[in-house]
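Summary of structural features
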Amino acid sequence: MDRETLTAQLRAFRDEALRELAAARGEDALEALDVHYLGRRGGVLSGLMRGIGALPAEDRPAVGAVVNEIRSEVEGALAAARAAARADALAVRLDHEGEDMTAPGRPIARGVPHPIVETVARIAEVFGQFGFVTYEGPEVESDITNFQMLNIPPDHPARDLWDTLYVDLDGGLLRTHTSPGQIRVMHAEQPPIRALLPGRCFRYEAVDASHASEFFQVEGLMVDEGTSMADLRGQLDEFGHAMFGRGRATRFRPGYYPFTEPSVAFDIGCVMCDGSGCPACSRTGWMTILGAGMVHPVVLQYGGIDPERYQGFAFGMGVERIAMLRHGIGDLRLFLENDLRFLEQFR
Amino acid sequence: MRVPLSWLRDYVDVQLEPDRLAECLTILGMEVQRVERWGSDWQGVVVGELLAVEKHPRADRLSLTRVRVDDGEPLEIVCGATNIAPGQRVPVALPGAVLPGGRSIERTEKLGFVSNGMLCSGDELHLTGDAEGILILPPETPLGARLTDLYGDWVLDVDVKPNRGDALCLLGVAREVSAATGAQVRLPDTVVDERGVPVADRLAVEIEDTHLCPRFVGRWVSGVRVGPSPDSVQARLLAAGLRPVSNVVDATNYVMLELGKPIHAFDAATVARDAGGRARIVVRPARTGERLETLDHAERELGPETLLIADRSGPLAIAGVMGGAASEVSEATTEVIIESAIFDPVSIRRTAFRYALRSEASLRFEKGQEARLARVGADRVSRLVSAWSGGTVAPGRVDSAPDEPQPGRVAFRPARIRRLLGTDLDAAEQRALLARVGVETEPAAAATPVPVAAQPRPLAVPAAAGEALIAVVPTWRRDLVIEADVAEEIARVAGYDTLPTKTPDTAMPPWRPDPLELRDALRSVLVGAGLTEVVTPALVAPGHAEFAWPVGAADGIAGEERTAGRPIRVTNPLSENRSVLRPGLVASLLDVLAWNERHGRNDVAIFELGKGYAAAPDGTAGEWWRLGFLLAGDVGAATWNQPARPYDTADARGLVELVARIAGLTPPDWTPHRDGSPLHPGRAALASARGAGGTPSLAGLVGELHPDVAAAWDLRASRVLAGELAIARLSGGGRAPTHARPLSRHPAVERDLAVVVAEAVPAGPVAATIRTAAGERLADLRLFDVYRGSPLGPGEKSLAWRLVFESPDGPLAEADIEAAMARVGAALLTGHGGRVRI
Ligand SMILES: [Zn+2]
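Residues numbered from 1 in each chain as written. Chains lettered and ligands numbered in written order. Predicted model: local features only at pLDDT ≥ 70, side-chain atom pairs only at ≥ 80, totals over all residues. Heavy atoms only, no water.

If you tally the helices and strands in chain A, you get 12 helices and nine strands. In terms of C-alpha radius of gyration, chain A reaches 44 Å, well past the compact-globule figure of 20 Å for 347 residues. Referenced to the eigenvectors of the C-alpha coordinate spread, the extents of chain A come out at roughly 135 × 45 × 45 Å. Counting only residues that meet the buried cut, chain A has 54% of its 347 residues in that class. Only carbon and sulfur atoms are counted for the fraction: they give 51% of the accessible area of chain A, which is about 14,900 Å². Between the averaged position of the 34 positive side-chain charges in chain A and that of its 50 negative side-chain charges there is a distance of 7 Å. (Helix = DSSP H or I, 4+ residues; strand = E, 2+ residues; numbered from the N terminus. Rg over C-alpha atoms; globule rule 2.2 N^0.38 Å. Buried < 20%, exposed > 50% of the residue type's maximum accessible area, 1.4 Å probe, protein only. Areas by Shrake-Rupley, 256 points an atom, 1.4 Å probe, with all protein chains shown as cover. Lys, Arg positive; Asp, Glu negative; His and termini not counted. Charge placed at Lys NZ, Arg CZ, Asp CG, Glu CD.)

Quick look at the structure:
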C-alpha cells in the first residue's frame, strides 16, 4: 500500500466517524462508536494504523501526522457529543423531577405564649429601657403587709376598694394588689430604686366579663431624692406611647389611693373611638389604664426610708386590662379559660 | 353619687354643658363616670288638659275622659284613677309612647270603649313615688309640651373617693364646681321659724360614751301632717336614686343628699318620757340579749359593739345605721324628734358590716363628719319638715357639744412642694390655688413644725424663717393633714395636666439579675417545641388540692422546696370550686384539657409556669414555682406530607431532656415509678438531673395518666401524658453561662454495639453501665434501635447503641477503643446479663 492510498483511507475513516458521531443518540451509542472507531484493539483506526508499518520509512512521519490530526479531531467530536448527550439526559431527568411547589409545606409545630405572660414581658421590656429591674413577692400576704403598711388601717373606708379573700393562716390573706412589694423592695434596696413587680393577685369578686377573682398586676416603684410627679407624668407618657402608639393621647388626672399622695389616674385616648366618644369609654373618649401617685410618707416610713429626704412615685396596672385594650379582647374570662381557639390567635 | 344638675344649680351657677362639666369635675378629681339624660325614657308623653271625666257605663272603677293635648280633636282615654277632674293638667302617654321600664302604650279597647293612650301616675313615669293617682301637674304647665322638656334633667354619676366624704353631697360637689369655674357657692337656707314650748322642755338627751357619739343635736317639730312630699321634691329624690317615703322622711333624705348629713326622725309619741314629762333619749352601747326590729322589719340581735339610740324601755334605733320599726314616723305621727348626731366612724362601719346594712347613711358616717354639720343639718331638716308637713319647730336645740372645732392648720413649704411636684409654682401661685378651694393661707413663724408624716412615726420638720406657710383648712376638709396633702390640693386645682412632663434623670439603680430569666428561656423553648402556654387559676376545688403529684426529690432543690404541710384554704371563698390554693399544676392542666375536649379540640399540648402553695407546720405560707406540662392526642394534624402521630411517653421524656438542657443540667436520670394512681404503673418515671458540681437541680414526675384518673376528669383522650418539674432557679435567678470546650482536632470514632438482654431490663441502667465502662472519652451515646424476634429467644430484646469516642488531646488509638468496647461488653454481661451480638 502506498502513502496516498492510506491517507485517503484515513480521510474516509474520519468522514465516516464524524458522520456517525453526529447521527448518534445517547451516551451508550457514543460509547459503542468510541470502541468501534478508536478502540485500542480492534478499533477501525488501530487497523488503519497497522498499514503505516508497510510504508517506506520516509513516508511514515507524514502519515503519522495525519493519523494524529484525525484522531484528535474524532476524539474532540466524541467529547463534544458526549457532553451534549449528558446535558440532554440531565435536562430530561430534571424535567421528570418537577414537584408541585404550590402544595402546602410540612407544618413545623409551634405553640403560643399566653397573652397575659407576654403582656407582662412587654411591660417589663418597656420599663426595662428606663432602668426598672424586676422583683417578685409572695402571693400570700398579711393584713399588715397588704393594707396597714400601705396606709390602710383596719376599718378604713378605703378598704371598700379591695374585697379580700382571707386564708386559714394567722392574719393571712391573698394579696389584693402587687403594692405590698413596694415595702419589700424598700427593705431590700437603698435609693436610687427603680423596681417593677409583676404577679398574680386575688379579690373577692364574682367573675364576669369584666371582673375576675384572680388577675395579674404590674407594680412600679421609683424612689430618689428628686423623683418628682413630673417624672411620673413623663414616665407614664412614655409607657402609654410604647404600648398604644406614639400618637396616642394621654391624660394625667387626680385619683385616690391611700398609699400615694398626690394620687393619679392615668388615661389614654379610647382605643375604640380614638377619643370621639363611644360606649366602650362611656362616651368620655378616655380609658383609664393605671393608677399611680407619689409614694405616701407613711409607706416610705414603713419601708425604712426617710420621707423628708427621699420621695418617689409608684404605679400599678392590671395586666388583663392592658392586654384587652392592646388585642381587642372583650371578655376577661377568656384569659383563664385557656380555650386553645382563643390562645392560638396570639402567634 | 347621683347628682341631678337642676338640683346642683340650687347651690352654684353652672354655665357649662353637662359633658363639659363632667370633664371639669373629672380633671379636678371628682370622676364623673356617666352623664345620664334623666327622663329620656318618657317617649311620647305630653301635657294634656282634662275636658271631661265620666263614669264608664260598664265598670265602676273606670272613667271615660276627654283630653286636649293640642288644637286638634280631643282624645278619648279610659282611666282607672279616681283623683282626676276636668280642668286638671296631666301627663298623657300617646299611642306609641314608651314609658320607663320599656312599657309601650298602644290604642286599646276597654269594655267597648277605645282608649287613645294613657294618663300617667308619677310612679309610672318614675317622677314621683305615687302609684295611686294620676300625677296632677301645676295648672300653668304648658299644654302639649313634652314631659322630657319640662321635667327632664341631666344626672352626673360622680365617683366620690373614700377620703372625700365632704363631697358626698350636692353642696360638696357645688364647692368643687366653684373651684373649677370660680362661681360662688350658695348655702341652703337654715333659718328656722321657732314657736311654742322650747325643745329643752320636751326632749332630754344623755350620752354614755362621747367617744362613740361626740355630738348629738336634737330638735322637735309639732303638729306635723304626714303625707307625700311636694312632687318636685319627690322628682329630685328619684333622680338622685332614692324612693320618696313621706314628707318627714323625705326631708331627712333630702338633707342627707344636700349637705351629706344623715339625720333620723323619730315619732316622738313612741319615746318614753322621764319624770319631767320630757322624751328622754339615751345614746349607749347595746346590752347583750337586747333585740330590735329595724325598719326593714328584721328582728336584730344586738350586742355591746352596737351603739344604740334608746329610751328607758329599750332600743329605738341602731345609731347611724338603721331606725327601729316601732319609732318610725308613720301617717299617725304628729310630733317628730329630729336626731342629727356625729358618731365614731369605725364603730358605724363595723356595725353596718355586722348587720350587712350598709346604707347611704352609714356610708357617710363611716367617712367621718365634721361636728358643725350636726347643728346645720338639724336646722335644715326642721325647716323642711315644717315647710312640707305644716308643723311648727320648737325653739332651740338639745345639743350635747355646742362648741364647734376651729379650722385645722397645716404648715407647708412651697419649695418642698415644688420638689415633690416637679413644678416651678411660686408661693403666691400656690396660695392663689389653695384659695380657690376655700383654703386660706398665712405666713408661718420660724420653727413652726411642718407635718411630713403622721404615722407610723409622726415626723414634723421645723420650718426655717420665711420658709413655710400655714394652710387654714375648712372644717369639712378632713383629708388635709400633712404637707403632701396640701401638695395634692395645689396640683389638682392647678390641673394635673399643667405639670411638666420629663423622663427621670436621677441616678440609675445597680444591675440586678432578672428573676424571670430562666422562666422566659423555658417559655420560648417550649413554645418552639409545639406547646402552648396556659395560665390557670391558683384557687381550686378541695378535690383538686388532694390530687397528689409527687415531684420526687424536689425537697433537695435549693429554693424550690416543696413545703411539707396542709393545703391553704380560703376562709371566705366565692365558691367551693375556688376555695383552696393548689399544691401543684397538673390537676389544673387536666381541667384545661377537659375544657378543650368539650369544645371539640382533642390534640392538646400545653404547659404552665406557676406556683404551688401549702401551709408549713409553723403556720407560714410556702409558695414554690413549678413547670407543668400535658400532652394529649396527636402531634399536629395529619397533612398530605406528614401523618399524624399520637403523643407517647417518649415525647414526655424528650421534653424533660430538653428542659434539662436549657437549664444547663445533666441529661436526666429516670427511675420507674410504679405507685399507680394518678399514673399508669408501667408508664411513669421520676426524673432527676444535676447542675454544675453535681448539685440536685431538677426533679419531677412524668408519665401517662392512669385510666381511672382520666375517667374521673371525663377525658376522651386515650392517652394523656403529663409531668410536673421542680427546677433550680425557676423562682428567680439567671442562667449560668455555658463553658465552651475546645474542639478536638482529631476525628471522632463511632462504634455500634448491640446487646441482647432480658425484656425486663430497662434501657436507662444499661446506658449508665455503658457510660461508666466506656470511660471519659465517650462523647455521645445513642440508642438507635430496639429489636425483638428471630434469632433472639422469647423474652429477649436487642438494644443497639451508637458510641462516639472523642479525644481532645491526641488521636484515638485503635487499641484504646477496642479496650473500651471490651470493658463495655464485660460490664454489660456482669451488670445486666447481656451478651453482645456480633
Ligand atoms: Zn371610645
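Residue and element names in this part refer to chain B. Ordered by their spatial adjacency, three strands build an open sheet running β1-β11-β2, and the pairing between neighbours is antiparallel. Of all the strands in the sheet, just β1 (2–4) and β2 (31–38) have a single pairing partner and so form its edges. Within this sheet the neighbouring strands show an average axis-to-axis angle of 25 degrees, counted without direction. Relative to strand β11 (residues 153–159), β1 runs antiparallel, the two being bridged by three bridges. Counterpart to arginine 2 in the pairing with β11 is aspartate 157. Relative to the sheet, helix α2 (residues 18–27) contacts β2 and β11, its axis offset from that of β2 by approximately 160 degrees. Against the sheet, helix α5 (residues 231–240) contacts β1, β2 and β11, and its axis sits at roughly 140 degrees relative to β1. (Pairing = 2+ DSSP bridges. Axes fitted to C-alpha atoms, helices over the stretch in contact; angles between N-to-C directions. Contact = heavy atoms within 4.5 Å.)

Attention shifts here to the interface of chain B and chain A. In this assembly, 103 residues from chain B lie in contact with 96 residues from chain A. Among the residues of chain B in contact with chain A, Tyr496, Val535 and Leu574 of chain B are the three that bury the most area, contributing 9% of the side total. At the boundary of chain B and chain A, one finds 14 salt bridges. For the salt bridge of glutamate 118 of chain A with arginine 523 of chain B, the shortest nitrogen-to-oxygen distance reads 2.7 Å. For the pair chain B and chain A, the interface holds 49 residue pairs in polar contact (both at pLDDT 80 or more). Here the side of chain B that touches chain A is composed, by residue class, of 49 nonpolar, 24 polar and 30 charged. (Buried area = accessible area lost by both parts, 1.4 Å probe. Salt bridge = Lys/Arg side-chain N within 4 Å of Asp/Glu carboxyl O. Polar contact = N/O pair within 3.5 Å; in protein donor to acceptor, adjacent residues only side chain to side chain. Nonpolar A, V, L, I, M, F, W, Y, C, P; charged D, E, K, R; others polar.)

Along its sequence, chain A is organised into domain 1 (3–97) and domain 2 (115–346). Placing a centre on the C-alpha atoms of domain 1 of chain A and another on those of domain 2 of chain A gives a separation of 91 Å. (Domains from an automatic or database assignment.)

Ideal values differ by geometry: the angle at a metal is 109.5 degrees with four tetrahedral donors, but 90 or 180 degrees with six octahedral donors. All names here are of chain A. For the zinc ion, the full set of protein donor atoms is Cys270 (SG), Cys273 (SG), Cys278 (SG) and Cys281 (SG), and the range of their distances to it is 2.2 to 2.3 Å. Classification of the site at the zinc ion rests on its four donor atoms, whose angles at the metal span 101 to 112 degrees, yielding the label tetrahedral. Every donor residue of the zinc ion comes from the same chain, spaced as C-x2-C-x4-C-x2-C. Each of the two residues, cysteine 273 as well as cysteine 278, counts as buried. (Donors = N, O, S within 2.8 Å, 3.2 Å for Na, K, Ca; no water. Tetrahedral: all angles 85-135°; square planar, octahedral: opposite > 155°, others 65-115°.)

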